[in-house]
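Structural overview for review
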Amino acid sequence: DAGVIQSPRHEVTEMGQEVTLRCKPISGHDYLFWYRQTMMRGLELLIYFNNNVPIDDSGMPEDRFSAKMPNASFSTLKIQPSEPRDSAVYFCASSFRAGGKATNEKLFFGSGTQLSVL
Amino acid sequence: AQKITQTQPGMFVQEKEAVTLDCTYDTSDPSYGLFWYKQPSSGEMIFLIYQGSYDQQNATEGRYSLNFQKARKSANLVISASQLGDSAMYFCAMREGVTGMDSSYKLIFGSGTRLLVRP
């Protein structure tokens, strides 16, 4: 399996621009997560989906952030308008919840998108 | 309140020696899972080991073992025979509320410990 695929690997943009981060989860996985990693705040869960439906978006910082999962093999995280404080590494991860026993299923992470907003 | 606490921002260990990375957690849920991930300088997140709250024995995976002390709510990672390639950030994480399909499926991470293995 190719693993979780994120694009782009690096994104440099100017304040006020729209940024779209993309993620392809592992085939067959039914959960998808978006995390943000910064030095100050560590790894924060932004939102997660189950079977393409957003389950918990309480970690989304503000209305400038939005995430979609139109199908089982694709998700986007959009920031509009972007601000310098959005600079971070954004990780996508996926997982498969087998048989309702939701304890030991590990998350598989993508390589992350390094976002720099100037 | 912090759900996952890693009190060691950075640690050194001599190559071939063992090292313990601390992790304490806070939950009132009787069913939960604890994970450790490694993040080398290249940035990817690598799963290392898992411990379930009902597991009777401490988890082991090769050179990694988890010192699980449930009453103290600690889940320390022990790396035996450290190698230079073990130099990385290490994150402890917890998933709580895992009973039933309607339960939360969040995995919450601690702030991490940076380990440097000296030759």
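Rules and cut-offs
- Residues numbered from 1 in each chain as written.
- Chains lettered and ligands numbered in written order.
- Predicted model: local features only at pLDDT ≥ 70, side-chain atom pairs only at ≥ 80, totals over all residues.
- Heavy atoms only, no water.
- Helix = DSSP H or I, 4+ residues; strand = E, 2+ residues; numbered from the N terminus.
- Rg over C-alpha atoms; globule rule 2.2 N^0.38 Å.
- Buried < 20%, exposed > 50% of the residue type's maximum accessible area, 1.4 Å probe, protein only.
- Contact = heavy atoms within 4.5 Å.
- Areas by Shrake-Rupley, 256 points an atom, 1.4 Å probe, with all protein chains shown as cover.
- Lys, Arg positive; Asp, Glu negative; His and termini not counted.
- Charge placed at Lys NZ, Arg CZ, Asp CG, Glu CD.
- Salt bridge = Lys/Arg side-chain N within 4 Å of Asp/Glu carboxyl O.

This part covers the overall build of chain B. Per the secondary structure count, chain B includes zero helices and 12 strands. Taken from the N to the C terminus, the helices and strands of chain B come in the order β-β-β-β-β-β-β-β-β-β-β-β. Taking 119 residues into account, the globule formula puts the C-alpha radius of gyration at 14 Å, and chain B, at 14 Å, falls close to it. Taken along the three principal axes of its C-alpha coordinates, chain B extends 45 × 30 × 25 Å. Residues counted as buried form 49% of the 119 residues belonging to chain B. Sequence separation of 24 or more characterises 56% of the internal contacts of chain B that already satisfy a separation of 6 or more. When the accessible surface of chain B is summed, it comes to about 5,700 Å², and 50% of that surface belongs to carbon and sulfur atoms. If you average the places of the 11 positive and of the 11 negative side-chain charges in chain B, the two averages end up 4 Å apart.

Bringing the overall build of chain A into the picture now. Check the secondary structure of chain A and you find zero helices and 11 strands. Shown N-terminal to C-terminal, the secondary structure of chain A runs as helices and strands in the order β-β-β-β-β-β-β-β-β-β-β. A globule of 118 residues ought to have a C-alpha radius of gyration of about 13 Å, and chain A, at 14 Å, matches this closely. Once the C-alpha set of chain A is aligned to its principal axes, its extents read approximately 45 × 30 × 25 Å. When each of the 118 residues of chain A is scored for burial, the buried share is 50%.

Inspection of every chain in the model, using the stated rule, returns 11 salt bridges over all chains. In this structure, Asp56(A) engages Lys106(B) in a salt bridge whose closest nitrogen and oxygen atoms are separated by 3.0 Å. Of this pair, Asp56(A) sits in strand E6 (residues 53-56) while Lys106(B) sits in the loop between strand E10 (88-96) and strand E11 (108-109), which puts the two residues in different chains. Here Asp56(A) falls in the buried class, since its relative accessible area comes to 18%. In this structure Lys106(B) comes out as partly exposed when scored by relative accessible area, which is 24%. Between Arg85(A) and Glu62(A) there is a salt bridge whose closest N-O contact spans 3.3 Å. Remark: Glu62(A) occurs in the loop between E6 and strand E7 (65-71) and Arg85(A) occurs in the loop between strand E8 (74-79) and strand E9 (88-95); sequence separation between them is 23 residues. Its relative accessible area of 26% is what places Glu62(A) among the partly exposed residues. Here the salt bridges do not stand alone but share partners, grouping Glu62(A), Arg64(A), Glu83(A), Arg85(A) and Asp86(A) into one network.

Turning to unusual backbone geometry, a few remarks are in order. All names here are of chain A. A cis amide bond, omega -10 degrees, links Ser7 with the succeeding residue Pro8. Structurally, Pro8 can be placed in the loop between strand E1 (5-7) and strand E2 (10-13). Cis geometry marks the peptide bond from Gln80 to Pro81; its omega dihedral reads -5 degrees. Along the chain, the position of Pro81 falls in the loop between E8 and E9. The phi angle at Asn51 is positive, at roughly 50 degrees, despite the residue not being glycine. With respect to the element layout, Asn51 can be found in the loop between strand E5 (42-50) and E6. For Asn51, a relative accessible area of 52% translates into the label exposed. Residue Asn52 is not a glycine yet carries a positive backbone phi of 75 degrees. Mapped onto the elements of the fold, Asn52 is located in the loop between E5 and E6. Note on Asn52: relative accessible area 28%, which makes it partly exposed.

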